[in-house]
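If you want the building blocks of each chain, they are given just below.
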Amino acid sequence: MHFPANPRLTVDLAALASNWTRLQLLAGGAAVGAAIKADGYGLGAAEVAGALARAGCRDFFVATWAEAASLGALPQGAGLAVLHGVQPGEMRIARALPARPVLCTPAQVAAWRNAGGGACDVMVDTGINRLGLSPAEAVSGLLDGLDLDTLHSHLACADEPANPLNEAQRAAFAALAARVPARRYALANSAGVALGAGYGFDLVRPGIALYGGRPAPGLDMAQVAFLEARIVQLRNLEPGDSIGYGATFTAPAPLRVAVLGIGYADGVPRALSGVGAALAGNARCPMLGRVSMDLIAVDVSAAGRLAEGDWLGIDFDLPRVAALANLAQYELLTGLGHRYSRVYL
Ligand SMILES: *Cc1c(COP(=O)(O)O)cnc(C)c1O
């Protein structure tokens, strides 16, 4: 059923595909995959994967087997890898699904061998100290005879181009690539792609840049996720009137206010209270007072004629809004709620 007054999330799949093509130009000949974990960064993993596959993407990454299972069939020739590898109790599902585990501990490698082996990926830690074999484990013979599709590592500070850990990780990974036989080698996330061709190896694993995030200073991607909400009520504030919980905003002058049917339950962060904005055509309509669970008041004094029931955009430009709310761009996307009517363009 379609509920017209729900807030609307529009996902521009053409913008997503254009971001993927842009990353291809930056990746120095490496294949460009896509991280579609966390339900495609909140935008719908199946829809995102379908659009990227139509653009030519052939390598997809999720975090868990539950995510792999709910994805449905990928197009012919596309591969899926599960970044958390195979944890205890997961071998049956891992053997049943057409996805490769990214094995990341010696126990996972041993369990995969015991279960019969087959194509797999391996993660090696070169300095983030999150998931992965140590370089010493990777060259110890532990991986001998494995059907190793892709050897991965992951950068800790790719969004800080001047951080010396980037080059240290790149050099450590290049040294491993010379010693561990695999069909492909992959190091870079979105920000890593922007570090230069030396970080591309055979395959890159961008996520946030595909979805419109700015992965590195100066590298602006096309916005993919757009939020809209309806005006539930229009009201006039007189000087001295306050608005919202805590009465944190008091009108200094007469104001025309629209109360929108969207709030922090939909993933518009409470931290945007007083600093975020709605968009009425070209007019920026500042948020007034606190963002509440289901409602946000905005100043529409500068907007043209508006009526109750009209739709306004919510500024969701990821780099700008993340800075305003003091949140990661990733959190904005993965925090989107479940109340939206979703539209895929
Ligand atoms: C999430 C993830 C990515 C994608 O990172 P972005 O910063 O979104 O580009 C790449 N590789 C691994 C291992 C990840 O966990």
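Whatever comes next refers back to the structure up there.
Residues numbered from 1 in each chain as written. Predicted model: local features only at pLDDT ≥ 70, side-chain atom pairs only at ≥ 80, totals over all residues. Heavy atoms only, no water.

This part covers the site of the ligand. Around the ligand, 14 residues are found, and the nearest of them are Lys-37, Tyr-41, Ser-190, Ile-208 and Tyr-330. Between a nitrogen atom of the ligand and a side-chain N or O atom of His-154, the distance comes to 3.4 Å. Protein burial of the ligand: of its 390 Å² of free accessible surface, 93% is covered by the chains. Under a 2 Å grid-point criterion requiring more than half of the atoms, the pocket assigned to the ligand is the largest pocket. (Near = heavy atom within 4 Å. Polar contact = N/O pair within 3.5 Å; in protein donor to acceptor, adjacent residues only side chain to side chain. Areas by Shrake-Rupley, 256 points an atom, 1.4 Å probe, with all protein chains shown as cover. 1 Å grid on protein atoms, 1.4 Å probe; cavity = no way out; pocket = protein on both sides within 12 Å on 5 of 7 lines; lining within 4 Å. Sits in = over half its atoms within 2 Å of the grid points.)

What follows concerns the pattern of salt bridges. Pairing is possible between side chains of opposite charge, provided their charged atoms come close. Counting across every chain of the model gives 13 salt bridges. Asp-220 is paired through a salt bridge with Arg-214; the nearest N and O atoms lie 2.8 Å apart. Looking at Arg-214, the relative accessible area reads 35%, which means it is partly exposed. Residues Asp-315 and Arg-320 are paired through a salt bridge, measuring 2.8 Å at the closest nitrogen-oxygen approach. Counted as one network, the salt bridges with shared partners bring together Asp-59, Arg-100, Asp-121, Asp-147, Asp-149, Arg-183 and Arg-184. (Salt bridge = Lys/Arg side-chain N within 4 Å of Asp/Glu carboxyl O. Buried < 20%, exposed > 50% of the residue type's maximum accessible area, 1.4 Å probe, protein only.)

Turning to the side chain of His-154, a few remarks are in order. Relative to the helices and strands, His-154 is located in the loop between strand 8 (148-152) and helix 8 (164-179). Look at His-154 and you get buried, because its relative accessible area is 17%. Only 3.4 Å separates the side chain of His-154 from the side chain of Arg-130, close enough to count as a polar contact. Those residues in contact with His-154 that lie beyond four places of it in its chain are Met-123, Val-124, Thr-126, Ile-128, Arg-130, Gln-169, Leu-187, Asn-189 and Arg-205. (Helix = DSSP H or I, 4+ residues; strand = E, 2+ residues; numbered from the N terminus. Contact = heavy atoms within 4.5 Å.)

Take Asp-59: it is sitting in strand 4 (residues 59-62). Given a relative accessible area of 7%, Asp-59 falls into the buried group. Among the polar contacts made by the side chain of Asp-59, one reaches the side chain of Arg-184 at a distance of 2.8 Å. Asp-59 has contacts with Gly-33, Ala-34, Gly-79, Arg-184 and Leu-203, leaving out every residue within four places of it along the chain.

The sheet contact formed by strand 1 (residues 8-11) and strand 19 (residues 341-344) spans four bridges and is parallel. Residue pairing for strand 19: Leu-9 is matched across the bridge by Arg-342. For strand 1 and strand 11 (residues 225-237), the ladder comprises four bridges, and the chain directions are antiparallel. Among the inter-strand pairings, Val-11 is bridged to a residue of strand 11, identified as Ala-225. (Pairing = 2+ DSSP bridges.)

Moving on: the nonpolar core. With 97 residues, the main nonpolar core has Leu-43, Leu-260 and Val-298 as its most contacted residues. Excluding residues within four positions of it along the chain, Val-298 makes contact with Arg-256, Val-257, Ala-258, Leu-260, Ala-278, Cys-285, Pro-286, Met-287, Leu-288 and Leu-312. (Core = buried A, V, L, I, M, F, W, Y, C linked by side-chain atoms within 4.5 Å.)

With a probe scaled to a water molecule rolled over the atoms, the places where space remains empty come into view. There is about 620 Å³ of room inside the largest pocket. Forming the walls of the largest pocket are 28 residues, and the residues nearest its centre are Lys-37, Arg-130, His-154, Asn-189 and Tyr-330. Estimates place the volume of the second largest pocket at around 170 Å³. Ala-68, Ala-69, Gly-72, Ala-73, Leu-74, Pro-75, Ala-78, Leu-80, Leu-97, Pro-98 and Ala-99 are the residues that line the second largest pocket. Per-class residue counts for the lining of the second largest pocket are ten nonpolar, one polar and no charged. (Points joined across faces, edges and corners; volume = space filled by probe spheres on them. Nonpolar A, V, L, I, M, F, W, Y, C, P; charged D, E, K, R; others polar.)

Fair warning: the whole summary comes from geometry, so function is off the table for now.
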